Amino acid sequence: MTETAPLPRADLPSPPRRPTAARRALRGIAILACVPYVSLKVAWVAGSEIGIPAGSALLEHRLTLVIANSVTVVADALVVVLALLLTQAWGRRVPGRLLALPMWAATGLLTPIMTGYPAQLAVAALTGDGRTAAPREPFLDSWVFGVVYGGFILQGLALGALFLLYARDRWGHLWSGRLGGLSSRTSGPGVRAVAVAGSVIGVGSAALHLLWAAGASTGLSARRIAERDADFPVLEAQGFVFPAVAVVFTLLLVLRRPARIRVRTALAPAWTASAAVGCWGAYMSLVALLPEADPTKHVPGLVRLSYAGDMITGFLLAACVAVFLRRRSAGA
C-alpha cells in the first residue's frame with residue numbers, strides 16, 4: 001500500500017502567535033515545579049544540610065555532592081528553557097532535532113518517576129510500611145522525596161502537555177493515518193535489523209527484571225537481598241514493563257503491522273518507553289560505575305548487565321523511531 005498524501009506545507013496548522021491561557025498556565029506550572037528541587041540543590045552546594053540526616057552517605061563525599069548537585073541544577077534549569085521554547089514564537093524556529101533530543105531525555109528521566117513513585121506510595125498505603133518509597137539507611141529525610149518527586153511529576157505533566165500541543169501544531173501530519181498506509185521507505189531493512197537487535201537485548205533485560213520482581217535472587221548482592229522491601233518488586237516490575245512496551249510498539253512501527261493500527265497509537269508508546277528504558281539505563285549504569293569504598297554496596301555484574309541492556313535497548317529503539325520520523329518528514 002502507498003503512503004497517504006501529506007498535507008502541503010501551507011496547510012499545516014500553526015501555533016498561535018501568543019500562547020493561549022492554557023499554555024501559559026502549563027508553562028507556569030512547569031517552571032514553578034522546578035523551584036523546590038533547584039532550591040534544595042543550591043542549598044546543598046552552598047553547604048546546607050537541610051533534609052540530609054546525620055550519618056547520611058551524602059555527607060561523606062563533599063566534592064562529589066557539590067559536583068553532582070551542580071550538574072542536576074543545570075539539568076533541571078533546562079526544563080525552564082523547554083517550557084519557554086514550547087510556548088514562544090521563536091520556539092517554532094528551533095530545528096526539530098535540537099528540540100527532540102532534550103525532550104526525549106526529559107521524557108525518559110521523568111516518566112519512570114511519574115509512574116513509579118505513585119505506585120510506591122500506593123504499596124506503602126496498602127502494606128502500612130512507612131519505609132516504602134524511601135531508603136532504609138540514612139540518606140535523605142522522608143519529606144525530601146515527597147517534595148522532589150512531587151515537583152518532578154508536575155514538571156512531567158506540564159512539560160508533556162506542552163510538548164504534545166507543540167508537536168501537534170508543528171508535526172501532527174507525521175503521525176496521521178494508519179500503519180498500513182505507510183510507505184516502505186519509512187523503515188527499510190537496516191531499520192528493521194536495528195529494531196530486532198534492540199528487541200532481542202530488551203527481551204533479555206526485561207526477563208531479568210521480571211525474575212527479580214517475582215522474588216528471584218539470581219545475580220543480586222547479599223545486601224540487596226537482605227534489604228528487599230515492598231518497593232523492590234514495584235521498581236523491578238516497572239523495569240520489565242518499559243522495555244516490553246518499547247519493543248512491542250517499535251516493532252509495530254517499523255514493520256507497519258497490523259495495518260489497521262493508527263500511527264500515533266504505536267509512535268507515542270514507542271517514543272515514551274524507549275526514552276524511559278534508555279535514559280534510566282544510562283543513569284543507573286553511570287551510578288553503578290561510581291567508586292564505593294564499602295564492598296557490600298558494589299553493584300553485581302548481572303545487575304550492571306541489566307542496566308547496560310536497558311540503555312542499549314532504549315538507544316537502539318529510539319534510533320528506529322528517529323529514522324521513521326525523519327524519513328516521513330522528508331516524504332512530506
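Residues numbered from 1 in each chain as written. Predicted model: local features only at pLDDT ≥ 70, side-chain atom pairs only at ≥ 80, totals over all residues. Heavy atoms only, no water.

Across its full length, the protein carries ten helices and zero strands. The linear arrangement of helices and strands in the protein, starting from the amino end, is α-α-α-α-α-α-α-α-α-α. Radius of gyration (C-alpha) of the protein: 21 Å, near the 20 Å computed for a compact globule of 332 residues. Over its C-alpha atoms, taken along the principal directions, the protein stretches across nearly 65 × 45 × 35 Å. The buried share of the protein, reckoned over its 332 residues, is 40%. Total accessible area computed for the protein in this model is approximately 16,700 Å², and 69% of it derives from carbon and sulfur atoms. Each charge class in the protein can be summarised by its mean position, and for the 31 positive and 16 negative side chains these summaries are 20 Å apart. (Helix = DSSP H or I, 4+ residues; strand = E, 2+ residues; numbered from the N terminus. Rg over C-alpha atoms; globule rule 2.2 N^0.38 Å. Buried < 20%, exposed > 50% of the residue type's maximum accessible area, 1.4 Å probe, protein only. Areas by Shrake-Rupley, 256 points an atom, 1.4 Å probe, with all protein chains shown as cover. Lys, Arg positive; Asp, Glu negative; His and termini not counted. Charge placed at Lys NZ, Arg CZ, Asp CG, Glu CD.)

Looking now at the layout of surface pockets. For the second largest pocket, the calculated volume is near 1,200 Å³. Along the wall of the second largest pocket there are 35 residues; nearest its centre are Ala100, Phe163, Trp171, Trp271 and Leu325. Counting residues per element, the ones that place at least two in the lining of the second largest pocket are helix H4 (96-127), helix H5 (142-171), helix H9 (263-289) and helix H10 (301-331). With eleven residues, H4 is the single largest residue contributor to the lining of the second largest pocket. Within the lining of the second largest pocket, the residues separate by chemical class into 24 nonpolar, eight polar and three charged. (1 Å grid on protein atoms, 1.4 Å probe; cavity = no way out; pocket = protein on both sides within 12 Å on 5 of 7 lines; lining within 4 Å. Points joined across faces, edges and corners; volume = space filled by probe spheres on them. Nonpolar A, V, L, I, M, F, W, Y, C, P; charged D, E, K, R; others polar.)

This part takes up the confidence of the model for the protein. The share of residues in the protein with pLDDT of 70 or more is 91%, and the mean pLDDT across the chain is 88. Considering only residues more than four positions removed or in separate chains, one finds that residues 1-16, a stretch of pLDDT under 50, has 25 contacts. (pLDDT = per-residue confidence, 0-100. Contact = heavy atoms within 4.5 Å.)

What follows concerns the side chain of Asn69. You can see Asn69 is positioned in helix H3 (residues 62-85). We classify Asn69 as buried; its relative accessible area is 3%. A distance of 2.7 Å separates polar atoms of two side chains, one belonging to Asn69 and the other to Lys41. Excluding residues within four positions of it along the chain, Asn69 makes contact with Lys41, Trp44 and Val45. (Polar contact = N/O pair within 3.5 Å; in protein donor to acceptor, adjacent residues only side chain to side chain.)

Attention shifts here to the environment of Ala43. Mapped onto the secondary structure, Ala43 falls in helix H2 (residues 35-45). Spatially, the C-alpha atoms of Ala43 and Arg185 are 52 Å apart, while their sequence positions differ by 142 residues. For Ala43, the residues in contact, after removing those within four places along its chain, are Ser48 and Ile50.

Relative to the 36 Å expected for 25 residues at 1.5 Å per residue, helix H8 (residues 231-255) spans 37 Å between its end C-alpha atoms, a close match to the ideal helical length. Following H8 by one or two positions, Arg256 has its phi on the positive side, about 60°. (Expected span 1.5 Å × (residues − 1).)

Turning to the nonpolar core, a few remarks are in order. Core analysis: the biggest nonpolar cluster contains 35 residues, and Leu86, Leu99, Met103, Leu159, Phe163 and Leu253 have the highest contact counts within it. Elements with a contribution of two residues or more to this core: H3, H4, H5, H8, H9 and H10. For Leu86, the residues in contact, after removing those within four places along its chain, are Leu99, Met103, Leu159, Leu162, Phe163 and Tyr166. One finds Leu40, Ile113, Tyr117 and Ile153 within the second-largest nonpolar core, a separate group that totals 15 residues. (Core = buried A, V, L, I, M, F, W, Y, C linked by side-chain atoms within 4.5 Å.)

Its 24 residues place the ends of H3 35 Å apart at the C-alpha level, agreeing with the 34 Å of an ideal helix rising 1.5 Å per residue. Taken as a whole, H3 has its buried residues at Leu65, Asn69, Asp76, Val79, Leu82, Ala83 and Leu85.

This paragraph deals with the environment of Leu253. Among the structural elements, Leu253 can be located in helix H8. Its relative accessible area of 0% is what places Leu253 among the buried residues. For Leu253 and Ser187, which are 66 residues apart along the polypeptide, the C-alpha to C-alpha distance reads 8.3 Å. Setting aside anything within four residues of it in sequence, one finds Leu253 in contact with Leu179, Val263, Ala266, Leu267, Val321 and Phe324.

Once that is clear, we can look at a nonpolar patch on the surface. Taken together, the side chains of Leu109, Tyr283, Val287 and Leu290 make up a nonpolar region of the molecular surface, amounting to roughly 340 Å² of accessible area. A residue is classified by how much of its surface remains accessible, and Leu109, at 38% relative accessible area, is partly exposed. (Patch = residues over 30% accessible without salt bridge, like charges linked within 9 Å, V, L, I, M, F, W, Y side chains within 5 Å. Salt bridge = Lys/Arg side-chain N within 4 Å of Asp/Glu carboxyl O.)

Where H8 meets H9, the closest approach of the two axes is 8 Å, and the angle between their N-to-C directions is 140°. The angle between H8 and H9 falls in the class oblique. Here H8 runs over H9; the crossing is left-handed. In contact with Phe242, Pro243, Val245, Ala246, Phe249, Thr250, Leu252 and Leu253 of H8, H9 contributes Val263, Thr265, Ala266, Leu267, Pro269, Ala270, Ala273, Ser274, Ala276 and Val277. Here the residues of the contact of H8 with H9 are counted per class, giving 15 nonpolar, three polar and no charged. (Axes fitted to C-alpha atoms, helices over the stretch in contact; angles between N-to-C directions. Parallel < 35°, antiparallel > 145°, perpendicular 65-115°, else oblique. Left-handed = near helix turned anticlockwise from the far one by under 90°.)

Applying the stated rule across the entire model yields eight aromatic pairs. Relative to Trp271, the ring of Phe163 lies with its centre 5.9 Å away and its plane at 25°, an arrangement referred to as stacked. One end of the pair, Phe163, is in helix H5; the other, Trp271, is in helix H9, and 108 residues separate them in sequence. The class for Phe163 is buried, based on a relative accessible area of 15%. Judged by centre distance (5.2 Å) and plane angle (80°), the ring pair of Trp280 and Tyr283 falls under edge-to-face. With Trp280 and Tyr283 both in helix H9 and three residues apart, the pair spans about one turn of that helix. In this structure Trp280 comes out as partly exposed when scored by relative accessible area, which is 26%. Joined through ring pairs, the aromatic side chains of Tyr37, Tyr117, Phe145, Tyr149 and Phe152 make up one cluster. (Phe/Tyr/Trp six-rings, centres within 6.5 Å; stacked < 30°, edge-to-face > 60°.)

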